[in-house]
Every structure is written in C-alpha cells, then in structure tokens.
Amino acid sequence: MNASIRVLSRRDLNRATLERQQLLRRESGPVAELIERLVGMQAQAPLAAYVALWSRLEGFDPAELSTLMTSRQAVRASLLRSTIHLVTAEDCLMMWRLVHPVADRGLRGAFGKQLAGADIDAVVAFGTDLMSREPYSRSQLREVLGERWPDWDANAMAYAVSYLAGTVQVTPRGVWGETGPAALQTIESWLGRVPITNPSIDDLVLRYLAAFGPASVADVQLWSGLTKLREVVDRLRPGLRLYADEDGRELFDVPDGPLPAADTPAPIRFLPEFDNLLLSHADRRRVNPFKRAVPLPPGNGAAMGTVLIDGDYAADWRHHRGADASLRVTTHAPVTAAVRDAIEAEAVALLGLIGSKDTPVVVTS
C-alpha cells in the first residue's frame, strides 16, 4: 500500500457515512432534495421511508412526502439491486436503463428454469401493454398471462413482467395514512415521460460516493447490483480522492466529501426496516461491526426497525399497538443509564410520528 495514502479507521468511515446520510444532525430542507441527494431510499415496506426521513430531517411532515407521491414527483420502483426504492421522478427516469441488466440477471437467476421455453420478450411486451393502460397487481398479471399462455408458468411470467417492464408501484400504496394494493404501472405511463436513453453511469457512481463514501469498487457494485464497475472507477480515478481502509483496500471519494473527526458525537437514531445505511456497502462493518443480519419483517413499515447507538447498529425497535401498546427497544448489549435515557427520549419523539406520545417506552437488553 502506498505510504502516502491516508488510512481511514472503521470509526472514520462510520462518521463520514453518517454525515453524508444526515444522521449526525437533523437538518431542514425539502424532502425531494434529500431523497435525491441520498440517491433514493430503500422502500420495500411502503411506509419505511417516512421513518428514515423523520430521522434525518428537522420538522419532517409526512404530508410532504405523500404529496410528492400523489403528484408523481416521487415514486417507489424496483431499481437498485432490483429492490423497491423511493426515488424522485427524475431519478427513476435516469436509473431504469442503467439497472435493467440487474433486473434481467435477477429474473434469470430466480426463474430461469420455470421460464425455459417461454418467449420472454413476447410476455414482457404483452404485460407492458397492459400496464401502460392501467395498474395491475402481480396476481392479476398471473391470471391474465396464464390464460394467454397456459403452457408456461404463470407465476414466473408475472415476475418476468414486473422485473423487466420498468414499473412503479402506484399510489395510494406508500401514502401516509392510506392503504392500497401493490399495483404496478409502467414508468412511462405513470410519469408521462420515457426513461432516459443514455444515462451516465459515471454520474451515478459519483453520486453514490457523495452519499455513501469513501467506498470501494465492491461497495458501489453491491449498492447498485451492477458489475464490472472497476473500469468506471478507473476512468474517474484522476478526479477522485484515494484512501485505504485498515485492511488495505482502496477507497474512493469525491473531492469535497466530508470526513468528520472520528470522535464526532453520534446521537441515537431510529431507522426503519432495511435502511440503506445498513445495506449499501460490501463491507458493512463501518455501521454494523458485528455483522448482524438486518431484519426485514413483514408489514407496511413504520412499525419496527433498527437503532444506531454511537453510530453503530446496536439495537432493534418495535411498536406494539392495541390494548398493550408500547414501543420496545432491545439493545444488543447492556447500555449505560445515559444511553438508556437518550434512547427513551428519541423513542418518545418517534411515537409522535407513528403512534402516541403517551405510549410507554420499554428498553431491554
């Protein structure tokens, strides 16, 4: 390793990532601007992003995100890693053609055997035409496609369409205080615009580094699901800052990427299910030093998730409703009285978003 290259400790990387994820302090600003700066937010659970934004934005109002979604300025779509992300409309149009190969690879890996002999292009074209006119759930697609091609696996065909057609999950799903089916419509018909034909992979990599860096090539590939990004990073290398981690891996960063001091205080933060902070690096030890599995529980979201203590994933939370309502936090190790008090205070604030401030908070180890 080049002796002139600065080595960043795990703690250095932790604080840099928290700073860029707006988790060292809440700041004011438009919801759409933050979603775009973070290059989207994980959103398999339809309401999870509301908790993620509440933890990052001062005075966050769920109505602001709901309005973005109902006005089609923001959407939930299968993009990075072929998982559902909340993104702005502009980013959806930019990303789709870049991540389409990831969707194709995922489909063939999951359903290749079931789709053997099927004319996938014909199936996707037919499904795309259907969803360009109105939303369809996957079960509705399964029924229609099964009737048209009874000799092919209907479930696999429905997945082929949802993977490859380029779709969004339409509202009211994902709107605060409302419910709705996971119904799909094409990006073009929902947004009224065609996805960008030649989007820049270089720009996407730079935006990732700004939001998640310093990071390795393996990190950006894991985050995006794309492969063969070494040549992209090498092309960008002259304009990047170069570091190394404690294991000697090369880390890349944008020139103006902030690097707070390793001893910068990190407040308690409640994250939702599958927050991108915990999922966007091949080496996740910067925020998850014990490599704990990140839970993805069933449900619509905003009811459970993870907790950062001194910047690390060190507890889980769950909101219980009904007669025995409570917000329960289970730490992975015993905590001090001061940390317990800070957890309880942040939990009470979270209950202002998802429940009632009168709901008791229970912290256990």
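Anyway, here's the lowdown on the structure attached to this text. (Residues numbered from 1 in each chain as written. Predicted model: local features only at pLDDT ≥ 70, side-chain atom pairs only at ≥ 80, totals over all residues. Heavy atoms only, no water.)

1. Remarks on the environment of valine 51
Note on placement: valine 51 falls in helix H3 (residues 48-54). When the C-alpha positions of valine 51 and methionine 304 are compared, they lie 9.6 Å apart, and in sequence the two are 253 residues distant. Once residues lying within four places of it in the same chain are set aside, the contact partners of valine 51 are Phe270, Leu271, Pro272, Ala302, Trp317, Leu350, Leu353 and Ile354. (Helix = DSSP H or I, 4+ residues; strand = E, 2+ residues; numbered from the N terminus. Contact = heavy atoms within 4.5 Å.)

2. Overview of the sheet that holds strand E8 (residues 241-245)
Reading across from one edge, E1-E8-E9 is the order of the three strands in this open sheet, with mixed pairing throughout. Two strands in the sheet have a free side with no partner beyond their single neighbour: strand E1 (7-8) and strand E9 (250-253). Here E1 pairs with E8 via two bridges, running parallel. Within E8, the position partnered with valine 7 by the bridge is alanine 244. (Pairing = 2+ DSSP bridges.)

3. Considerations on helix H11 (residues 217-224)
When we look at burial in H11, the residues that qualify are Val217, Asp219, Val220, Trp223 and Ser224. In a view along the axis of H11, the buried residues occupy a sector of 160 degrees, so they form one face of it. Taken together, the buried residues of H11 touch helix H5 (89-111), helix H10 (201-212), helix H12 (230-236) and E9. Where H11 begins, the side chain of serine 216 points an oxygen toward the backbone nitrogen of alanine 218, at a separation of 3.4 Å. One or two positions beyond H11, positive phi appears at glycine 225, with a value near 85 degrees. (Buried < 20%, exposed > 50% of the residue type's maximum accessible area, 1.4 Å probe, protein only. Arc of directions from axis to C-beta. Polar contact = N/O pair within 3.5 Å; in protein donor to acceptor, adjacent residues only side chain to side chain.)

4. Observations concerning unusual backbone geometry
Most peptide bonds take the trans form, and the phi angle of most residues other than glycine is negative. Residue threonine 171 is joined to proline 172 through a cis peptide bond whose omega torsion reads 15 degrees. A cis amide bond, omega -5 degrees, links glycine 213 with the succeeding residue proline 214. Mapped onto the secondary structure, proline 214 falls in the loop between H10 and H11. Phi is positive for lysine 291, close to 55 degrees, though the residue is something other than glycine. A residue is classified by how much of its surface remains accessible, and lysine 291, at 65% relative accessible area, is exposed. The residue aspartate 310 is not glycine, and still its phi comes out positive at about 50 degrees. Here aspartate 310 lies in the loop between strand E11 (304-309) and strand E12 (312-320).

5. A short note on the pattern of salt bridges
One pass over the full model with this rule turns up 24 salt bridges. A salt bridge links arginine 15 to aspartate 310; the shortest N-O distance between them is 2.7 Å. Taken together, the residues span a long stretch of sequence, with arginine 15 in helix H1 (residues 10-20) and aspartate 310 in the loop between E11 and E12 at a distance of 295 residues. Between arginine 20 and aspartate 253 there is a salt bridge whose closest N-O contact spans 2.6 Å. Of the two residues, arginine 20 sits in helix H1 while aspartate 253 sits in strand E9, which places them 233 residues apart along the sequence. We note that arginine 20, like aspartate 253, is buried. Through salt bridges with shared partners, a single ionic network connects Asp245, Asp247, Arg249, Asp283 and Arg285. (Salt bridge = Lys/Arg side-chain N within 4 Å of Asp/Glu carboxyl O.)

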